[in-house]
Amino acid sequence: MTTPESDLVLIAYDGSDNAKQAITYTARFLRSSRVAVVSVWAPLAIQTAQLSTMWGGMTTAGWSADEGAADRWAEDEARRVAEEGAVLARAAGLEATASAHPAAGAVWTGIVDAADELQANIIVTGTRGVHGLRSLLHSSVSSRVLHNTTRPVLVVPSCCE
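Residues numbered from 1 in each chain as written. Predicted model: local features only at pLDDT ≥ 70, side-chain atom pairs only at ≥ 80, totals over all residues. Heavy atoms only, no water.

Take T109: it is sitting in helix α4 (residues 107-118). Those residues in contact with T109, other than ones at most four positions away along the chain, are A103 and A104. (Helix = DSSP H or I, 4+ residues; strand = E, 2+ residues; numbered from the N terminus. Contact = heavy atoms within 4.5 Å.)

A few words now on α4. Here α4 spans 17 Å end to end across twelve residues, near enough to the 16 Å set by a 1.5 Å rise per residue. Tucked inside the fold, the buried residues of α4 contact β1 (9-12), β2 (35-41), β3 (96-102), β4 (122-126) and α6 (141-147). At the C-terminal side of α4, Q119 shows a positive phi close to 55 degrees. (Expected span 1.5 Å × (residues − 1).)

Let us now look at the packing of aromatic side chains. As enumerated under the stated definition, the model contains one aromatic pair in all. Measuring from centroid to centroid gives 5.2 Å for Y25 and F29, while their planes differ by 45 degrees, and the two rings are tilted. Taken together, the residues span about one helical turn, with Y25 and F29 both in helix α1 (residues 17-29) at a distance of four residues. A relative accessible area of 16% means that Y25 is categorised as buried. (Phe/Tyr/Trp six-rings, centres within 6.5 Å; stacked < 30°, edge-to-face > 60°. Buried < 20%, exposed > 50% of the residue type's maximum accessible area, 1.4 Å probe, protein only.)

Moving on, we get to the nonpolar core. If you look at the biggest cluster of nonpolar residues, it comprises 17 residues, and the most contacted ones within it are I11, V35 and V37. Of all the elements in the fold, those that place two or more residues in this core are β1, α1, β2, α3 (67-91) and β4. A per-element tally of this core places α1 first, with four residues. Look past the residues within four positions of I11 in its chain and what remains in contact with it is A22, I23, T26, V35, A36, V37, V38 and V124. Residues L10, A12, A115 and A120 belong to the second largest nonpolar core, which totals 16 residues. (Core = buried A, V, L, I, M, F, W, Y, C linked by side-chain atoms within 4.5 Å.)

Here Q119, not a glycine, exhibits a phi torsion of approximately 55 degrees, which is positive. On the accessibility criterion, Q119 (61% relative accessible area) is exposed.

Okay, the confidence of the model for the protein chain next. This prediction gives the protein chain a mean pLDDT of 81; 73% of its residues lie at or above 70. Below a pLDDT of 50 lies the segment residues 57-64, which in the model reaches six contacts outside its immediate sequence neighbourhood of four places, other chains included. Taken together, the stretch residues 131-138 has pLDDT below 50 and engages in one contact with residues farther than four places along the chain or on a different chain. (pLDDT = per-residue confidence, 0-100.)

For A115, the position within the fold is in helix α4. Distance in space between the C-alpha atoms of A115 and I11 is 9.3 Å, their sequence separation being 104 residues. Setting aside anything within four residues of it in sequence, one finds A115 in contact with L10, A120, I123 and R151.

What follows covers the sheet that holds β4. Ordered by their spatial adjacency, five strands build an open sheet running β3-β2-β1-β4-β5, and the pairing between neighbours is parallel. The open sheet is flanked by β3 and β5 (153-156), the only strands paired with a single partner. With direction set aside, neighbouring strand axes in the sheet form an average angle of 25 degrees. Two strands pair when backbone bridges link them, and β1 and β2 are joined in this way by four bridges, in the parallel orientation. What sits directly across from I11, in β2, is V37. (Pairing = 2+ DSSP bridges. Axes fitted to C-alpha atoms, helices over the stretch in contact; angles between N-to-C directions.)

Let us look at the pattern of salt bridges. In the structure shown here, the tally under the stated rule is six salt bridges. A salt bridge links E75 to R79, with the nearest nitrogen and oxygen atoms 2.9 Å apart. Placement of both E75 and R79 in helix α3 is noted, with a separation of four residues, approximately one turn of the helix. Among the residues examined, E75 registers a relative accessible area of 26% and is labelled partly exposed. Classification of R79 by relative accessible area gives partly exposed; the value is 41%. Note that D76 is salt-bridged to R79, the shortest N-O span being 3.4 Å. (Salt bridge = Lys/Arg side-chain N within 4 Å of Asp/Glu carboxyl O.)

See below:
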């Protein structure tokens with residue numbers, strides 16, 4: 001069974017073992033001719049704002065980090081990670097491209113925005129396998145993607161081999 005040329009699977013990839021497992025499952029179970037391996041990066045200003053709300057209003061006033069250099073590094077690293085994922089996807093028999101996308105907020109927003117921009121037919125993501133108290137403290141990217149997109153989402157749990 002093959003899919004039309006226009007079908008596109010977006011794989012959210014961060015270099016983790018769970019993201020690698022998502023590539024394996026995509027190659028094994030989805031029959032799309034095109035795959036976009038996407039790594040999302042957050043600009044320093046957004047990361048700083050997220051940290052400040054996490055720590056009860058910690059201020060960054062007067063901080064003079066070179067945001068441009070930090071953002072260039074983050075984008076370059078995301079591009080490198082995405083290309084690593086695309087190499088794995090190609091080795092698994094998928095026709096894959098790699099790209100880095102900035103997040104306008106949390107990482108999950110970048111994944112949803114990239115899927116919209118690329119007009120992906122489905123989003124594939126792994127999980128971190130965080131449970132219990134840690135899951136309450138750290139919101140799940142895959143859960144946020146699932147609940148904030150109109151596209152189908154395949155979430156590959158960390159337990160799958």
